[in-house]
Amino acid sequence: MKSLVIQLARLGDLMQTLPAIASLGARKPHETLDLLCGGALAAIVSLFPGIDRVLPWDADRWRRWVGDWPSRPAAILAAGEAYLREISASASYDRAYNLNQHPRAILAAHLLAGMVVGPGYAGPISEDLPAWHRYLRQVARERRPNHVHLSDIFCGMCGVRPPGVSPTLSRPAVELPSDLGCIGDGNARWIGVIVGAGDLARCLPPLVWAQWITRLLDADPDCRVVLIGTGGELARARAIREGLPPLLLGRLWDASGRTDLLQLASLLGRCQWVTGSDTGSLHLAAAVGTRTMGFYFARARVHETGPYGEGHWIWQAPDYAPATWPVVESVSLVLERSEEHSDVPEASLRDGWQLWKGHVDEWGASYSRAGERDSSRAEREQVWRDCMGDPQAAKAVARVAS
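Residues numbered from 1 in each chain as written. Predicted model: local features only at pLDDT ≥ 70, side-chain atom pairs only at ≥ 80, totals over all residues. Heavy atoms only, no water.

1. Brief notes about the side chain of His312
Keep this limit in mind: To qualify as a helix, a DSSP run of H or I must reach at least 4 residues; to qualify as a strand, a run of E must reach at least 2; elements of each kind are numbered from the N terminus. We call two N or O atoms a polar contact when they sit within 3.5 Å, provided that within protein one can donate a hydrogen and the other can accept it, with sequence-adjacent residues counted only if both atoms are side-chain atoms. The contact criterion used throughout is that any non-hydrogen atoms of two residues lie within 4.5 Å.
Relative to the helices and strands, His312 resides in the loop between helix H12 (302–305) and strand S11 (313–316). At a separation of 2.9 Å, a polar atom in the side chain of His312 contacts the side chain of Thr292. Ignoring sequence-local partners within four residues, the contact set of His312 consists of Ala286, Thr290, Arg291, Thr292, Pro307, Trp356, Lys357, Gly358 and Tyr367.

2. Here we look at the confidence of the model for the chain
Formally: Confidence scores per residue from the predictor, reported as pLDDT, run from 0 to 100.
Summing up the model confidence of the chain, the mean pLDDT is 90 and the portion of residues at 70 or higher is 93%. When the criterion is pLDDT under 50, residues 338–343 qualifies, and its contacts beyond four places in sequence or with other chains add up to 7 contacts.

3. As for the packing of helix H8 (residues 206–219) against helix H9 (residues 234–242)
Selection rule: Angles run from 0 to 180 degrees between N-to-C directions of axes, and those axes are lines fitted to C-alpha atoms, restricted for helices to the stretch in contact. Note that the term roughly parallel is reserved for angles under 35 degrees, roughly antiparallel for angles over 145, roughly perpendicular for angles of 65 to 115, and oblique for everything else. The hand of a helix crossing depends on one turn: near helix anticlockwise from the far one by less than a right angle means left-handed, and clockwise means right-handed.
Relative orientation of the contacting elements H8 and H9 amounts to 45°, with a least axis distance of 8 Å. When the interaxial angle is binned, H8 and H9 end up oblique. In this structure, H8 meets H9 at a crossing whose hand is right-handed. Contacts between H8 and H9 involve Pro206, Trp209, Ala210 and Ile213 from the former and Arg236, Ala239 and Ile240 from the latter.

4. Observations concerning the pattern of salt bridges
Threshold: Criterion for a salt bridge: a side-chain nitrogen of Lys or Arg within 4 Å of a carboxyl oxygen of Asp or Glu.
Considering all chains together, one arrives at 18 salt bridges under this definition. Here Asp199 ties to Arg202 by a salt bridge, and the two come within 3.9 Å at their closest N and O atoms. With a closest N to O distance of 2.4 Å, Asp254 and Arg241 form a salt bridge. Note that Asp254 is positioned in strand S8 (residues 252–254) and Arg241 in helix H9, a separation of 13 residues in sequence. Ionic contacts of the salt-bridge type, sharing partners, join the residues Arg161, Asp361, Glu362, Asp374, Arg377 and Arg380 into one network.

5. Remarks on the sheet that holds strand S4 (residues 93–98)
Basically, it comes down to this: Here, a strand pair is defined by DSSP locating no fewer than two bridges between the strands.
The strand order across the open sheet built from 5 strands is S3-S2-S1-S4-S5, with neighbouring strands paired in parallel fashion. The open sheet is flanked by strand S3 (51–57) and strand S5 (113–117), the only strands paired with a single partner. For this sheet the average axis-to-axis angle between neighbouring strands, irrespective of direction, equals 25°. Taken together, the 4 bridges between strand S1 (residues 2–6) and S4 define a ladder with parallel strand orientation. Bridge pairing in S4 links Leu4 to Ala96. In the packing of helix H4 (residues 73–87) onto the sheet, the strands contacted are strand S2 (32–38) and S3, and the crossing angle to S3 comes to about 150°.

6. Things to note about the packing of aromatic side chains
Stated precisely, the cut-off is as follows: Here is the rule: rings of Phe, Tyr and Trp (six-membered ring for Trp) pair when centre to centre is within 6.5 Å. Planes less than 30 degrees apart are stacked, more than 60 are edge-to-face, and the remainder are tilted. Each residue's exposure class comes from its accessible area (1.4 Å probe, protein chains only) as a fraction of the maximum for that residue type: buried when under 20%, exposed when over 50%, partly exposed otherwise.
Scanning the model with the defined rule gives 13 aromatic pairs in all. For the ring pair Trp209 and Phe295, a centre distance of 5.9 Å and an interplane angle of 80° mean the geometry is edge-to-face. With Trp209 in helix H8 and Phe295 in strand S10 (residues 291–296), the pair connects residues that are 86 residues apart, well separated along the chain. Phe295 matches Trp209 in its accessibility class, with the two residues each being buried. Ring geometry for Trp325 versus Trp353: centroids 5.6 Å apart, planes at 40°, classification tilted. Separated by 28 residues along the polypeptide, Trp325 in the loop between S11 and helix H13 (327–335) and Trp353 in the loop between helix H14 (344–347) and strand S12 (354–361) bring together distant segments of the chain.

7. Topic: empty space enclosed by the protein
This is how the line gets drawn: In this analysis the probe radius is 1.4 Å and the grid spacing 1 Å, with only protein atoms considered; a cavity is a set of points the probe fits into but cannot get out of, a pocket is an open set with protein on both sides within 12 Å along at least five of seven lines, and lining residues have an atom within 4 Å of a point. Grid points are joined across faces, edges and corners, and a volume is the space filled by probe spheres set on the points. Throughout, the ten residues Ala, Val, Leu, Ile, Met, Phe, Trp, Tyr, Cys and Pro are labelled nonpolar, Asp, Glu, Lys and Arg are labelled charged, and all others, Gly among them, are labelled polar.
Under the definition given, this model contains 1 cavity of 30 Å³ or more. Quantified by volume, the largest cavity comes out at close to 100 Å³. Met15, Gln16, Leu18, Pro19, Ser151, Ser166, Pro167, His283, Ala286, Ala287 and Tyr308 are the residues that line the largest cavity. When contributions to the lining of the largest cavity are tallied by element, the ones reaching two or more residues are helix H2 (18–27) and helix H11 (280–287). Among the elements that line the lining of the largest cavity, the one with the most residues is H11, at 3 residues. By residue class, the composition of the lining of the largest cavity is 7 nonpolar, 4 polar and no charged.

8. Brief notes about the nonpolar core
Going by this rule: Among buried residues, those of type Ala, Val, Leu, Ile, Met, Phe, Trp, Tyr and Cys that are joined through side-chain atoms within 4.5 Å constitute a nonpolar core.
Counting residues in each nonpolar core, the largest one holds 65 residues, and the members touching the most others are Ile44, Phe48, Trp132, Leu169 and Leu284. Dropping the residues within four chain positions of it, Trp132 is found in contact with Val148, Ile153, Gly156, Met157, Val383, Trp384, Cys387 and Met388. Val208, Ile213, Leu216 and Ile240 belong to the second-largest nonpolar core, a separate cluster that totals 36 residues.

9. A few points about the pairing of S11
By the alternation rule, side chains of S11 split into Trp313 and Trp315 and Ile314 and Gln316, which are all buried. Both S10 and S11 contribute to a ladder of 4 bridges, which runs parallel. Bridge pairing links Tyr296 to Gln316 in S11. The sheet contact formed by S11 and S12 spans 4 bridges and is antiparallel.

Below, the structure written as structure tokens:
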């Protein structure tokens, strides 16, 4: 059977599709999987185990077609159908696992596959959604407590259980710009700092990053810092550099806007730690096996989108836009070399910030408060049984909506 996974969202959502791809590969070994994703992200899919071929989606072209639709709908429809046939090399898929509720994803699923799993399963114009999508929509609308990770919801959307482990990507063997080639070498401790995020509301102020980096480098002479950002974040990286004492600049490397996606994956994999807000690069760092620490605020919630895997740490803010930041405590966490971090739980309560640690079990990813056991297992198991149609369980969707 030949199937297509459709994920047309940004890098973070693409990386959080990895567990679903891993579960499909393990539970349906005779199924060949292709992946339809944004064209700008297609290169990173070459690292995904279990994907036979990537189909790049030209979002700019589709936006132009959307603008022209009112004046010439028949021509646009024909052009869209021709484009889908072109990128799929005329392949016809038995099944499409559609993970997006956007009309373009539903259209692609029906034009490319004989059967659709996910939004559009009841027809291209039906508004009916499967249980997992109703659950996700209700959680998003109501902002109710939810401990089921988005990656695991993607698994449920595909009709499979979570993989039980954290899928990882091999670090690509690509060449970095010459001055960045030393990153990861020697006895230094290399710390990656992601300077921005796709959502501006989730960007830490440059002054906070400058304070964080200064404290880190002052505290440990073996530390080196790598600034990681896109070409659109050069000004943010420059503001961080300008906020540092001049004597520390020799221990800082700025890779902002200087890497493609494969080089970024290699760079992240060379670091011992990567820290940032809830953004795609943080999830990519976790996927290549690097330990991560995130600052979550502005609607980012640790239980839903924390980096997938064991041993990742998230500082959850009490407010949408924090007035204070746990600079001292978070630097101490990165510098702490013991596994227990026994001195952190008390410090994590400062100004309402909470510290959470990541885990993975048979019901997916979870986060527990520092120094405490994970208490969400029973709830996550119940939601899984509900949304997968277990006749013994009550409806999770109805419970969330009540």
